[in-house]
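The chain contents come next:
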Amino acid sequence: MTVEKPDVFRVGITNLGLRTKFVLSVRIWNEAEGAGPVDAFMAEVEEFWAIEAVEGGVLDDPPC
């Protein structure tokens, strides 16, 4: 699922074919317009899931 405000931000969630993990992707192109809504979204998500920044890709090893 992807939610996008063109030229401002994009938030996507997928399992990318992983068995037991999913990926939440957040991109902000226009910080002035996108930071507030994205920060509010992330605050809500963090109430239910631990958010961990990952660079370089996600693997299913070890499974969660």
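Higher on the page you've got the structure.
Residues numbered from 1 in each chain as written. Predicted model: local features only at pLDDT ≥ 70, side-chain atom pairs only at ≥ 80, totals over all residues. Heavy atoms only, no water.

Q: It is not clear to me how a nonpolar patch on the surface should be interpreted in this structure. Could you clarify?
A: On the surface, Phe22, Phe48, Trp49 and Ile51 cluster together into a nonpolar patch covering about 460 Å² of accessible area. A relative accessible area of 42% means that phenylalanine 22 is categorised as partly exposed. (Patch = residues over 30% accessible without salt bridge, like charges linked within 9 Å, V, L, I, M, F, W, Y side chains within 5 Å. Areas by Shrake-Rupley, 256 points an atom, 1.4 Å probe, with all protein chains shown as cover. Salt bridge = Lys/Arg side-chain N within 4 Å of Asp/Glu carboxyl O. Buried < 20%, exposed > 50% of the residue type's maximum accessible area, 1.4 Å probe, protein only.)

Q: Please clarify how the pairing of strand S1 (residues 2–5) should be interpreted in this entry.
A: Within a regular beta strand, the side chains point alternately toward one face of the sheet and then the other, so they alternate between its two faces. Sheet topology places S1 next to strand S2 (residues 9–14); four bridges connect them, and they run antiparallel. Paired with valine 3 across the two strands is valine 11, which belongs to S2. Here S1 folds back onto S2 in antiparallel fashion, the turn holding three residues, of which aspartate 7 has a positive phi close to 65 degrees. (Pairing = 2+ DSSP bridges. Helix = DSSP H or I, 4+ residues; strand = E, 2+ residues; numbered from the N terminus.)

Taken by themselves, the reported measurements are silent on function.
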